[in-house]
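# Topology and contacts: notes
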Amino acid sequence: MSRSTFGAHDPTFLGGEGGRDLIAFLTGDRPRTELRLRPDARRGERILRLRRPDAPSGGTAEATDGQTAADGSAAREEHDPATTVPSSYAQERHVITMMPTTLPPGTERDWSFESGAVVLTEDAALLDGAGVPEDATVIEIDGAVTARRGGRSTPLEELESGIAELLSEARPRQVCVVVDLGVPRPLASDTHRLLRLHDATFLAARECAAWMDEDSSFFIVLLRGVGAEAVPHPYSGLFTGLAKALSADLPGVRVLAVAHDADRLAVAMPDLRAEAESAERLPAVYYVDGRRIVQHAERRPARRGADRLNGDSVVVAAGGGRGIGAEMLKALAERFGPRIYVLGSNPIASYGTEVLEEDEASFAARKRDFLRARSTGPDRVSVKQANAEWRRMAQAREVHATLAALQRHSGADRVTYIECDLRAADAVSAAVGTILAAHGQVDLLLNIAGINRAAAVRQKSLADFQAVRDLKFDTYTNLKRAFATSPPREWCNSGSATGFAGQRGETDYSAANDFLTSAAMDATANGHREYTIGWSLWGETGLATDPLMRSQLAENAELTPMTSAEAIDHFLNELTQDPHVPGTVLLGVNELRMLQNTRPHQFQLVIRDPLPQDPPGVGGRTGRCYVDDVVDRSPEALTVLRAFDLARDGYLEDHLVSGHPTLPGMLMVEIGAQAAVELVPHRVPVVFEDVRFERFLRVYGTDGQEPKRTTARLLSHDDRESVIEIRILSDVISPDGRVLVKDRVHGSMRVHLRDEPLPAPLWEPWPQSASEPVSNPYYAEGSVVRLSGTFASTRDGELHSQGNRARLALDRSKIDRWFPDTLVPAVCLDALAQVGAFGKVASRWSPIAAPLGMRRIDVYDGHTDSALARAGTAVWLYSVPGHLDIDVRDADAPNRSVAADADGRMICQLKDVSAEILGYVDQESGEFIRRERVTETYPGVREPRAQDR
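Definitions and cut-offs
Residues numbered from 1 in each chain as written. Predicted model: local features only at pLDDT ≥ 70, side-chain atom pairs only at ≥ 80, totals over all residues. Heavy atoms only, no water. Helix = DSSP H or I, 4+ residues; strand = E, 2+ residues; numbered from the N terminus. Buried < 20%, exposed > 50% of the residue type's maximum accessible area, 1.4 Å probe, protein only. Contact = heavy atoms within 4.5 Å. Areas by Shrake-Rupley, 256 points an atom, 1.4 Å probe, with all protein chains shown as cover. pLDDT = per-residue confidence, 0-100. Axes fitted to C-alpha atoms, helices over the stretch in contact; angles between N-to-C directions. Parallel < 35°, antiparallel > 145°, perpendicular 65-115°, else oblique. Left-handed = near helix turned anticlockwise from the far one by under 90°. Nonpolar A, V, L, I, M, F, W, Y, C, P; charged D, E, K, R; others polar. Core = buried A, V, L, I, M, F, W, Y, C linked by side-chain atoms within 4.5 Å. Salt bridge = Lys/Arg side-chain N within 4 Å of Asp/Glu carboxyl O. Phe/Tyr/Trp six-rings, centres within 6.5 Å; stacked < 30°, edge-to-face > 60°. UniProt positions renumbered as here; feature names shortened; annotations may be inferred. Pairing = 2+ DSSP bridges. Right-handed = clockwise from strand over helix to strand, strands pointing away.

## Considerations on the overall build of the protein chain
- A tally of helices and strands in the protein chain yields 25 helices and 37 strands.
- By the burial criterion, 56% of the 949 residues in the protein chain qualify as buried.
- A sequence separation of at least 24 residues applies to 74% of the contacts in the protein chain between residues at least 6 apart.
- With the model as given, the accessible surface of the protein chain reaches about 39000 Å², and the carbon-plus-sulfur share is 49%.

## Focus on unusual backbone geometry
- Cis geometry is adopted by the peptide bond preceding Pro579, which originates at Asp578 and carries an omega value of 0°.
- Even without being glycine, Arg224 reaches a positive phi, approximately 50°.
- Along the polypeptide, Arg224 turns up in the loop between strand 10 (217–223) and helix 6 (236–249).
- Take Arg224: its relative accessible area is 30%, and that puts it in the partly exposed class.
- At Asp690, a position not held by glycine, the phi torsion is positive, near 50°.
- Summarising the element assignment, Asp690 is placed in strand 25 (residues 684–693).
- Given a relative accessible area of 33%, Asp690 falls into the partly exposed group.

## Remarks on the confidence of the model for the protein chain
- For the protein chain, per-residue confidence averages 83 on the pLDDT scale, and residues scoring 70 or more make up 82% of the total.
- The low-confidence segment residues 39–45, where pLDDT is below 50, has 17 contacts with residues more than four positions distant or belonging to other chains.
- Across residues 55–87 the pLDDT falls below 50, and counting only partners more than four positions away or on other chains, this stretch makes 65 contacts in the model.

## Re the packing of helix 14 (residues 462–482) against helix 16 (residues 507–525)
- For the pair helix 14 and helix 16, the least separation of the axes is 7 Å and the interaxial angle reads 20°. In terms of their interaxial angle, helix 14 and helix 16 are classed as roughly parallel. Viewed along their axes, helix 14 and helix 16 form a crossing whose handedness is right-handed. Together, Asp464, Phe465, Val468, Arg469, Lys472, Phe473, Tyr476, Thr477 and Lys480 of helix 14 and Thr507, Asp508, Tyr509, Ala512, Asn513, Phe515, Leu516, Ala519, Ala520 and Ala523 of helix 16 make up the contact between the two elements.
- Here the residues of the contact of helix 14 with helix 16 are counted per class, giving eleven nonpolar, three polar and five charged.

## Focus: the side chain of Thr532
- Take Thr532: it is sitting in strand 19 (residues 530–535).
- The class of Thr532 is buried, set by a relative accessible area of 2%.

## What about the nonpolar core?
- One finds Leu120 and Phe218 to be the most contacted residues of the largest nonpolar core, which totals 89 residues.
- Apart from residues lying up to four places away in sequence, Phe218 is in contact with Val175, Val177, Thr201, Ala204, Ala205, Met212, Leu246, Val253, Arg254, Val255 and Leu256.
- Core analysis: the second largest hydrophobic core is formed by 86 residues, Ala673, Leu787, Leu799 and Phe838 among them.

## What to know about the pattern of salt bridges
- Tallied over the entire structure, the rule returns 54 salt bridges.
- Across the pair Glu530 and Lys480 runs a salt bridge whose closest N-O atoms are separated by 2.8 Å. Of this pair, Glu530 sits in strand 19 while Lys480 sits in helix 14, placing them 50 residues apart in sequence. The same class applies to Glu530 and to Lys480, which are both buried.

## As for the packing of aromatic side chains
- Across all of its chains, the model carries 19 aromatic pairs by this definition.
- Arranged with centres 4.9 Å apart and planes meeting at 45°, the rings of Phe473 and Phe515 form a pair that is tilted. Taken together, the positions of Phe473 in helix 14 and Phe515 in helix 16 put the pair 42 residues apart, joining distant regions of the chain. Accessibility assignment for this pair places Phe473 and Phe515 in one class, buried.
- Considering the side-chain rings of Trp763 and Tyr878, the 5.3 Å spacing of their centres and the 40° angle between planes classify their relative orientation as tilted.

## Considering the UniProt feature "active site" (unreviewed entry) in the protein chain
- In this structure's numbering, the residues bearing the UniProt feature "active site" (unreviewed entry) are His655 and Asp830. These annotated residues cover 176 residues of sequence, but their C-alpha atoms sit close together, with the largest distance between any two at 10.8 Å.
- By the element assignment, His655 lies in strand 23 (residues 655–657).
- Look at His655 and you get buried, because its relative accessible area is 7%.
- For Asp830, the position within the fold is in helix 23 (residues 826–836).
- In this structure Asp830 comes out as buried when scored by relative accessible area, which is 9%.

## Some points on the environment of Ala673
- With respect to the helices and strands, Ala673 occurs in helix 21 (residues 665–679).
- The spacing of Ala673 and Pro685 is twelve residues in sequence and 6.2 Å in space, taken between C-alpha atoms.
- Beyond its immediate sequence surroundings of up to four residues, Ala673 is in contact with Pro685, Phe688, Leu823 and Val824.

## A closer look at helix 23
- In terms of burial, helix 23 is a largely internal element, eleven of the eleven residues being buried.
- Buried residues of helix 23: Ala826, Val827, Cys828, Leu829, Asp830, Ala831, Leu832, Ala833, Gln834, Val835 and Gly836, and no others.

## Things to note about the pairing of strand 11 (residues 254–260)
- In terms of burial, strand 11 is largely enclosed, as seven of its seven residues are buried.
- Burial of the side chains of strand 11 extends over both faces: Arg254, Leu256, Val258 and His260 are buried on one face and Val255, Ala257 and Ala259 on the other.
- Pairing between strand 10 and strand 11: seven bridges, direction parallel. Bridge pairing in strand 11 places Phe218 opposite Val255.
- You can see the chain leave strand 10, run along helix 6 and come back into strand 11, and the turn it takes is right-handed.
- Pairing between strand 11 and strand 12 (residues 284–288): four bridges, direction parallel. Paired with Ala259 across the two strands is Tyr286, which belongs to strand 12.
- At this point the chain moves from strand 11, through helix 7 (residues 265–277), to the parallel strand 12, and the crossover so formed is left-handed.

## Observations concerning the sheet that holds strand 30 (residues 785–787)
- Overall, antiparallel pairing links the three strands, which are arranged 24-23-30 in an open sheet. Because the sheet does not close on itself, it has two edges, and the strands there are strand 24 (660–661) and strand 30.
- Examined bridge by bridge, strand 23 and strand 24 share two bridges and lie antiparallel to one another. Within strand 24, the residue paired with Leu656 across the bridge is Pro661.

## Observations concerning the pairing of strand 26 (residues 708–717)
- Two elements, strand 22 (residues 637–642) and strand 26, share six bridges in a ladder whose sense is antiparallel. Its bridge partner lying in strand 26, Val640 is registered against Thr710.
- In the sheet, strand 26 pairs with strand 27 (residues 722–733) via eight bridges, with the strands oriented antiparallel. Residue pairing in the sheet places His717 in a bridge with Ser722 of strand 27.
- Linking strand 26 back to strand 27 in an antiparallel pair, the connection comprises four residues.

Okay, structure coming up:
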């Protein structure tokens, strides 16, 4: 490649433009790439397309101007953008991850065990030294059930009635359940004691629901409930899931499950007390090695990988003859035609071909005669039982139809139904033994069994609670034992979003499904390919087909329905993930709104926090803190709505312009990034071009304002990059509601997204030489732009011989509070802009400038403010040219500001910033004066023009 092709002396070819991408291609394994060099006054955009010799044809390795190839023909695209623009899902995939976090400061109330408290446990010795008062009632469930209080012991003859009688008399406002999950060990043969304690927890909650209020607490402490590397005990989900649903059923009560690595309550008490006293109200937290861990769901779309199944694969489904399981099996049969076994409890062969295959109209016509015949005569049963038998027969017909559909794709002799009570260990072992004897190995196990009997905790019967929980729990543990010596290559549990988020009326269902997630996490930690998909509502099958349930779902509007086609797409995608993730949950706008409206702490801190050690922007994760709603969505455009007020955006009080809380320009960059990723969710922001800040976005009060609109429009999209045009808009509305000005522009930019963050180039740190200390003028009390708290983010400012320099000083507590979930290091970028304005006029006056825009912003390695603050990364901020070496009065003079770590790895940079000088601050006194007074007082000073730095 000749130097003349790229213009060695081209003034736009800054810093080896395109060099990083070229190096990444030459040292990587991608078959082809395309480098674009930006246009200038003499030529259009130049494109270099590179292809490895063994890559399929479809591009050239020649530099071109504009969109014209070297042969004069139009440059060919490798992919049709219309086929590669990502589609939108009603429910989006979120990965469940264990996230280290700190408990926010602030105390809601002092907490300790109070007089009259009730403690449930399997072993009273676990309570020694924990400060349980003498007059507390301790219910010990160890074979027999015994209540102890004040040295007296009273046996309870029956669990349900005994707990009801005891609690109704004591009416405690404080209940604590203490469980030692070190006993039983995972998947031990006897879980009877554990499940009895789980039953007792539910019964205590059901009884206390009648009187517990905002001054009450219901705590569950899981000793040895989390292990090394923050892996939950497999049985922990039984209790954390119950707590999540109970917090929804009892919204005023402080409900909390703490899974701790301690083996005694006394050791866990300081952490329990801290959680109890905190104003943060999460239903489940974990403590391991002194660290506080919370589960968070991080939006991460799955990209289809290589198929792991084929026609020779063996697939076993535990359940799956009807509902969503049937749809999953049909998709596998249609796509792969594998050998399929379906395990189910319905004795379909006993009904006969005539019943199983007659048309729907004929079958329905026989119902009245069937019910009359079964409810009369010497062998009569109740009408209720007769209806149950009819439903069972109708379900058998559904299973038969599913098997017939599977046979059409896999073959009549390659689909087998095995009658098997999945709750019976011997029956499951026998069925699995038959399959393993025939094939030796199972390629995919689908654990799909489950029932739902939703009811508020006060109305739910113990029998229903046990039936819902035990079907999932027993099926899983029975399958684990049956496959102990020859585990399947892949194990997929069909779970529920309620296991992660909890839901009213689902204490049993949430518990069972959270168990499936914690069990999958444990299995994954032990080297198995096992995962749980937390489904939300399938809109065309399963629960949604029941008319009463459909009506309730529509009325509650807490679940977002998705089509079966979308659900199958999620399922097939998950099968191909490598490496797999043990827990995912599908959430739509209704689920998120429900959490936001009813459990805001869980919404803000669990749904949206990023991993500090793995910042947003990697693998398709996105922040959404500036996304309230998305409207007018299409594959090429959308509009994001976000309402601002000082209750949710209190950080704006740290950024005052003329005394008014005002959004920093660099947060408009974050808003643009989030809107762009909302449109193209599988990519990450790397470059921002032509950034313009047109008008201040000021915020008044705490009661919300008309939402600001951010429009995102796809300009281009290919296998290398997506470019999105962003505009941030608002309307001017009169007090009587009339729109006075429509679509007033606050900011605009072009956002470039790619599959991965850009690698960080190196910056040569400046030598320690003679420099002059300078105070940050924006921190002066009287400054027209007054920064404090969150945005007082620099220290050790100096005027260096090579420019301006300072250290980044992020306030971790404020960053954790306000910006835990962002895509770019916006506060760091704001600090860079501050350093760029360092300087002195007449040896004493430092300018206060409001940025108007910049030509380009680059961000590297997916850094965010949260990740930098939590890692304690030492960051230097540089700005060139400084006031000593380049005349900034030249409007065409380039400028550059860079943030880099101590080793010189760049974090982000600004190029060619323009700003308006609002005034000056006296470095000695902190006095602020308007710009006009400087020229009046110092006539020899030539003041910079508005577009200059």
